[in-house]
Structures are given as C-alpha cells and as structure tokens.
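# Survey of secondary and tertiary structure
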Amino acid sequence: MKLISPRGFLSSILQPVLLHSNPRRPVSFSTVSTSHKPRIPLHLRPPTFRATVADLKKWHTWAKNLASSVGSTFSDLDNGPDSTLLHRELTWLIQDALENPTSVSSQNLNDDVMVPLRACLDDLYMLWSQRIEERRPFQYVVGCEHWRDLVLSVEEGVLIPRPETEMIVDLVNDAVKEKEELKEGLWADLGTGSGALAIEIGRILGDSGKVIATDLSPVAVRVASYNVQRYNLQDKIVVKQGSWFEPLKNFEGELAGLVSNPPYIPSAHIGGLQAEVAKHEPRLALDGGANGMNDLLHLCNGAISMLKPGGFVALETNGETQSKFLVDHMDTETKGSFHNVKIISDFAGIQRFVTGYRAR
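Nothing here was measured: the structure is a model prediction, and the numbers come from that model.

To continue, consider the pattern of salt bridges. Counted under the stated rule, the structure contains 15 salt bridges. Ionic pairing is found between Arg-131 and Glu-276, a salt bridge with its closest N-O pair at 3.0 Å. Of this pair, Arg-131 sits in helix α4 (residues 121–133) while Glu-276 sits in helix α9 (residues 275–278), and the two are 145 residues apart along the sequence. For the salt bridge of Arg-203 with Asp-149, the shortest nitrogen-to-oxygen distance reads 3.1 Å. Of this pair, Arg-203 sits in helix α7 (residues 196–204) while Asp-149 sits in the loop between β5 (144–147) and β6 (150–153), placing them 54 residues apart in sequence. On the basis of relative accessible area, Arg-203 is assigned to the partly exposed category, the value being 39%. Through salt bridges with shared partners, a single network forms among Asp-78, Glu-89, Arg-131, Arg-135 and Glu-276.

Next comes the structure, spelled out in structure tokens:
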C-alpha cells in the first residue's frame, strides 16, 4: 500500500433511522455520540483570520524552500513524496487556506493589504512543518480527501480512502444493475473508515435501499457520520460502532450486499510502508495479521450467515496472492456457500477484489 495524494490522483450526530430490511419488522438504531466533533476540513472553514500580503509571501517563500529541500530523499527512502509533489500540495494548501489564493503571487496588491485566511498564519507554518518534518499525510493537514466526486473529511484515526477502492463502487453498481432486487435491500460497509463506500453505495441504491456502516474506531464512526450528514444521506445510511458483524447481529440472513476494504497488510510489512502511512494512519485499519488474511477470512466466513440468498459480496485484498487464497477458501472451506466467485483487477491491473453471490 502506498499513500496517494488526493488531487494528484483524481481519476486516481446521526439521527435514529428506521430501516425496513424486513417489511414485517421496522428496526431502529441508536444515535451516534457526538461529544467529540470531527475536525472541519480547512476549505470549509470561514475566513476569520487575517495576514498581510508581505507576511503571507514570506510564509510562501519559506514553505517553497522547505519543499525544495526534500528533493528525492523521501522517494528514495520509502517511495514517499518528492519535491515536485510537495510543491503541488503547497498549491493545494494555499487554495484551501486562502479566500483569494492568487494573493501570494499578485504583483498588484500592496504588501500592507490584509488577506482573509481560513487558518491563522502561525497554523500554516505549523501545518507545513508537520507535512515535511513529521511526514504527516497531506490529507490530515487539510482535513479532507478528494475521492471520486466526494470531498471527505479525514483526520488522525481514520484511514485515508485510496483510489483503488473506488472500483468497489463500480462493482456494486454493476451488481444492482444486473439484479434489480439488490437495490431495494439492506447493505453493509464493514470497517467504513471515512464512510466513503457507504456514501457512494447509498447514492446508488433506490429509495428503499439502506446502508449500515460499521467501524470499531469511535473516531472513524464520528467522522463517517459527519460525512454522511454533509451529503444529506442520514436517512439512508446509519453508522454503528462495533467490530465487524457485531453491530449487525439482528440482521442475520437479511443483507442484500456486503462490502469491505479491511486491514490486509501483513504485520511484519507495516514498518516498511511510507512514513505517512506507517507513522500516522491507524494500524487498526492496516494490520491484517501474520499473512494479512485474518480479517478477510473472518469477513468471508461471516458473509455466509449474514447475506440473504443471492446477496452480493465484494472484498478488497492486497493483491494476487491474497485474492487467490480467498477464492480457494471460498471454493473449499466454504464450498457451496457462494457462486459466481470472481477476482477483479484494479485500475493498475492488480488482482485486488474478490466478488461473489450467496448461494440460494
């Protein structure tokens, strides 16, 4: 797994909800605690701070020099960002932080002119220093990730959604087009993180379709709930805290679909990841055990009892070895439980996804 900068790869709280997964049995969910509010992404904050053009240009020169000083050091070390990418990120930071981004390069503004900012200048110094010196992910610096056509709030404790995971949305869309009844059912996004998959699936489903998004992390639950509300899907998506299937114990045999991008990095490989990932992203969302298969196998086995006959499952893996291992497990250890099992390659041609349907 490598960290992909959000805008450089664009191709690349919650109110109680009634879910009618079974028309005979309305089901209610408890409200998610919002005692800790998710951090508002930088670009959504009001421009309540001010700095002179001169001071802003001084910061900009410092920030550019810091980015240039990196060269290819991080890239050579662990495939991290080089100076070229860091300069692009600096441009994006300016776009998010300034009401008028051109003020840092304008020759027509007097140096004494005050410029509106969405963060104080001291914070901009601190944020860029964290990006370079601490290798803090850019998405955490600005508080959001651009993913498909969404702009999702993310912060420490929440996995940054990757471009490759976007394909799960396409796989779900294809499945509901092929089997129209899946559109009206109850879906689950397990280990939802920022809520990316749940939100996109919620937009795909018909008026009666619902989504339950689960995550063990309370931070992820709060952030996902915030993102669900931002896209006005709180009547379609409920976010529940708990480990994998535990929040779904009342829906055994009722799910029309189940998706997950679970932890799949082998434990011994975590330390060799980019510093942005290994040092900052939640290990809970990365570490899949000795061979990376612990959670994938748990999800596969649990899907047998949770999916209704004909229900769809899509799981993301670390690549060809894990995908083939999972398919072999489905063909042997859970023989007869699934049909039409497939391995699907991601945009880079890596055999990353395993899909199938619950046998009838």
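Our focus in this paragraph is the sheet that holds strand β12 (residues 338–345). Overall, mixed pairing links the seven strands, which are arranged β9-β8-β7-β10-β11-β13-β12 in an open sheet. Both outer strands of the open sheet, β9 (237–241) and β12, are each paired with one neighbouring strand and no more. Averaged over all neighbouring strand pairs, the angle between strand axes comes to 15 degrees, with direction disregarded. With five bridges connecting them, strand β8 (residues 210–215) and β9 associate as parallel partners. Within the sheet, the bridge partner assigned to Ala-213 lies in β9 and is Val-239. Contacting β7 (186–190), β8, β9 and β10 (255–260), α7 crosses the sheet at an angle of about 180 degrees to β8. The strands touched by helix α10 (residues 294–306) are β7, β10, β11 (307–316), β12 and β13 (351–358); relative to β11, the strand with the most contacts, the crossing angle is about 165 degrees.

At Arg-148, a position not held by glycine, the phi torsion is positive, near 50 degrees. Despite not being glycine, Trp-244 shows a phi value in the positive range, around 50 degrees. In this structure, Trp-244 sits in the loop between β9 and β10. Among the residues examined, Trp-244 registers a relative accessible area of 13% and is labelled buried.

For helix α6 (residues 166–178), built from 13 residues, the straight-helix expectation of 18 Å at 1.5 Å per residue is met to within 8% by its first-to-last C-alpha distance of 19 Å. All of the buried residues along α6 are Glu-166, Met-167, Ile-168, Val-169, Leu-171, Val-172, Ala-175 and Val-176.

A few words now on the confidence of the model for the protein. Put simply, the protein has an average pLDDT of 90, and 90% of its residues get 70 or more. Within the model, pLDDT remains below 50 along residues 1–35, and this stretch shows 96 contacts once partners closer than five positions in the same chain are excluded.

It is at 8 Å that the axes of helix α1 (residues 53–70) and helix α3 (residues 83–97) come closest, and there the two elements cross at 155 degrees. When the axis of α1 is compared with that of α3, the two are roughly antiparallel. Here α1 and α3 pass one another in a crossing that is right-handed. Between α1 and α3, the contacting residues are Trp-59, His-60, Ala-63, Lys-64, Ala-67, Ser-68, Ser-69 and Val-70 on the first element and Ser-83, Leu-86, His-87, Leu-90, Leu-93 and Ile-94 on the second. Grouping the constituent residues of the contact of α1 with α3 by class yields eight nonpolar, five polar and one charged.

Turning next to the packing of aromatic side chains. Overall, the coordinates contain four aromatic pairs when judged by the stated rule. With a centroid separation of 4.8 Å and 50 degrees between ring planes, the pair formed by Trp-62 and Tyr-125 is classed as tilted. Residue Trp-62 is found in helix α1, and its partner Tyr-125 is found in helix α4; the two are separated by 63 residues along the sequence. A residue is classified by how much of its surface remains accessible, and Trp-62, at 28% relative accessible area, is partly exposed. Pairwise contacts between aromatic rings join Trp-187, Phe-312 and Tyr-357 into one cluster. Above the ring of Phe-74, the side-chain terminus of Arg-135 is found at 4.2 Å from the ring centroid. The ring centre of Tyr-357 lies 4.9 Å from the NZ or CZ of Lys-179, which sits over that ring.

Our next topic: the side chain of Asn-227. By the element assignment, Asn-227 lies in helix α8 (residues 218–230). Setting aside residues no more than four positions away along its own chain, Asn-227 makes contact with Leu-152, Ser-153, Ser-194 and Ile-199.

Quick look at the environment of Asp-215 now. For Asp-215, the position within the fold is in strand β8. Spatially, the C-alpha atoms of Asp-215 and Thr-332 are 29 Å apart, while their sequence positions differ by 117 residues. Excluding residues that lie within four positions of it along the chain, Asp-215 makes contacts with Gly-191, Thr-192, Gly-193, Ala-220, Val-221, Lys-240, Gln-241 and Gly-242. Among the polar contacts listed, one links the side chain of Asp-215 to the backbone nitrogen of Thr-192, at a separation of 3.3 Å.

Before going further, it helps to spend a moment on the environment of Asp-174. By secondary structure assignment, the location of Asp-174 is in helix α6. Along the chain, Asp-174 and Ala-359 lie 185 residues apart, while their C-alpha atoms are 19 Å from each other.

Conventions adopted
- Residues numbered from 1 in each chain as written.
- Predicted model: local features only at pLDDT ≥ 70, side-chain atom pairs only at ≥ 80, totals over all residues.
- Heavy atoms only, no water.
- Salt bridge = Lys/Arg side-chain N within 4 Å of Asp/Glu carboxyl O.
- Helix = DSSP H or I, 4+ residues; strand = E, 2+ residues; numbered from the N terminus.
- Buried < 20%, exposed > 50% of the residue type's maximum accessible area, 1.4 Å probe, protein only.
- Pairing = 2+ DSSP bridges.
- Axes fitted to C-alpha atoms, helices over the stretch in contact; angles between N-to-C directions.
- Contact = heavy atoms within 4.5 Å.
- Expected span 1.5 Å × (residues − 1).
- pLDDT = per-residue confidence, 0-100.
- Parallel < 35°, antiparallel > 145°, perpendicular 65-115°, else oblique.
- Left-handed = near helix turned anticlockwise from the far one by under 90°.
- Nonpolar A, V, L, I, M, F, W, Y, C, P; charged D, E, K, R; others polar.
- Phe/Tyr/Trp six-rings, centres within 6.5 Å; stacked < 30°, edge-to-face > 60°.
- Lys NZ or Arg CZ within 6 Å of the ring centre and 35° of its normal.
- Polar contact = N/O pair within 3.5 Å; in protein donor to acceptor, adjacent residues only side chain to side chain.

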